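Each chain, letter by letter, is given below.
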Amino acid sequence: PTFVVDSSENKVGIGTPSPTGVLDVRDNAGGDANTKMHLINNAQTTAGRETELIFGKDNGANIAATLKYYYHTTQANRRIDLFHYTTTNGLSILNGGNVGISTSDPKHLLHIYDGASGISGYGYDARYKLLIEDNGEAYLAFAVPDTSYCGIRFQNQDGLAGYIDYYMGDDALVYHAPNNHKFTG
């Protein structure tokens, strides 16, 4: 094992005699093996404790990012955040797998947040895997070349059950349900 402090270059090397960065950590002894680094607080018992790695450039404007593990006494509320430093604009992954973009409390498998909608209950139905939330208007966009299709497919265990397509070449909206066509209002 090697530990080097190069004070002339302000570099620290662990596992290398010639560090190439401010902190250069390498595992050369293990051969073809997994490498782990630990940043752990075994004494964490209070909800809200964080283990944080800040990286990037700090020139007074906080041009940096933070990778943070947020500990909570309730396992479902534990999460990993990747944010721009000092903001909440980023990505959160909850212990149960829900992913939030610009929210640290995603209510669905994927929750894209751009302002509080005021919904509760029905809007947070667990059957919905995607939630796009805004305090104004929210759209879902599909971008394809001028001669291509975009659409939504509905599928069950037997295969394709129906679809809604838009064909750019003919400027046509196509709706298909093989057995039962309903429009209700």
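Here the structure is a predicted model, which is why all the values come from computation and not from measurement.

J.: Explain the overall build of the chain to me, and be specific about the residues and the numbers.
T.: Within the chain, the secondary structure is distributed over 0 helices and 13 strands. Taken from N to C terminus, the helices and strands of the chain fall in the order β-β-β-β-β-β-β-β-β-β-β-β-β. Here the chain holds 185 residues, and the buried ones make up 20% of them. As presented, the chain carries roughly 13800 Å² of accessible surface, and 52% of it is formed by carbon and sulfur atoms.

J.: Before we move on, can you summarise the side chain of K68 with the specific residues and values?
T.: Secondary-structure assignment places K68 in strand β5 (residues 63-70). Exposure remark for K68: the relative accessible area of 14% places this residue in the buried category. With residues near it in sequence (within four places) discarded, K68 still touches E50, T51, E52, R79, I80 and D81.

J.: Tell me about the pattern of salt bridges, and name the residues and values.
T.: Under the defined criterion, the tally for this structure stands at 3 salt bridges. The salt bridge partner of D81 is R79, with a shortest N-O separation of 2.9 Å. On the basis of relative accessibility, which here comes to 1%, the residue D81 falls in the buried class. The class of R79 is buried, set by a relative accessible area of 15%. Between R153 and D165 there is a salt bridge, and its shortest N-O distance comes to 2.4 Å. One end of the pair, R153, is in strand β11 (residues 149-156); the other, D165, is in strand β12 (residues 159-167), and 12 residues separate them in sequence.

J.: Tell me about unusual backbone geometry, and name the residues and values.
T.: Positioned with a positive phi, N10 is a non-glycine residue whose angle comes to about 55 degrees. Looking at where N10 falls in the secondary structure, it is placed in the loop between β1 (3-6) and β2 (11-14).

J.: Can you tell me about the sheet that holds β2, naming the residues and giving the values?
T.: Remark on secondary structure: sheet strands pair via backbone hydrogen bonds, oriented parallel or antiparallel. Pairing is mixed in the open sheet, where 3 strands are placed in the order β1-β2-β3. The open sheet terminates on both sides in strands that have one partner only, identified here as β1 and β3 (23-25). Between one strand axis and the next, the sheet turns by 10 degrees as a mean value, whatever way the strands run. Direction of pairing for β2 relative to β3: parallel, over a ladder of 3 bridges. From the neighbouring strand, I14 faces β3, where its bridge partner is V25.

J.: Kindly report on the environment of I101, identifying the contributing residues and their values.
T.: Within the secondary structure, I101 sits in strand β8 (residues 99-101). By relative accessible area, which is 35% here, I101 ends up partly exposed. Separated by 12 residues in sequence, I101 and Y113 have C-alpha atoms that sit 6.1 Å apart.

J.: Run through the sheet that holds β12, naming residues and quoting values.
T.: Strand order in the open sheet made by the 3 strands is β11-β12-β13, with antiparallel pairing throughout. Of all strands in the sheet, those bounded by a partner on one side alone are β11 and β13 (172-176). When the angles between neighbouring strand axes are averaged without regard to direction, this sheet yields 15 degrees. One ladder, built from 8 bridges, connects β11 with β12; its direction is antiparallel.

J.: Report on the pairing of β2, specifying residues and quantitative values.
T.: The pairing of β1 with β2 spans 4 bridges and is classified as antiparallel. Paired with D6 across the bridge in β2 is K11. In this antiparallel pair of consecutive strands, β1 and β2, the connection spans 4 residues, and N10 shows a positive phi of 55 degrees.

J.: I'd like a rundown of the side chain of R79, residues and numbers included.
T.: Note that R79 resides in strand β6 (residues 79-84). Within the local environment of R79, its side chain forms a polar contact with the side chain of D81, the two groups lying 2.9 Å apart. Once residues within four sequence positions are removed from consideration, R79 is found in contact with K68, Y69, Y70, S92, I93, L94 and S104.

About the thresholds
- Residues numbered from 1 in each chain as written.
- Predicted model: local features only at pLDDT ≥ 70, side-chain atom pairs only at ≥ 80, totals over all residues.
- Heavy atoms only, no water.
- Helix = DSSP H or I, 4+ residues; strand = E, 2+ residues; numbered from the N terminus.
- Buried < 20%, exposed > 50% of the residue type's maximum accessible area, 1.4 Å probe, protein only.
- Areas by Shrake-Rupley, 256 points an atom, 1.4 Å probe, with all protein chains shown as cover.
- Contact = heavy atoms within 4.5 Å.
- Salt bridge = Lys/Arg side-chain N within 4 Å of Asp/Glu carboxyl O.
- Pairing = 2+ DSSP bridges.
- Axes fitted to C-alpha atoms, helices over the stretch in contact; angles between N-to-C directions.
- Polar contact = N/O pair within 3.5 Å; in protein donor to acceptor, adjacent residues only side chain to side chain.

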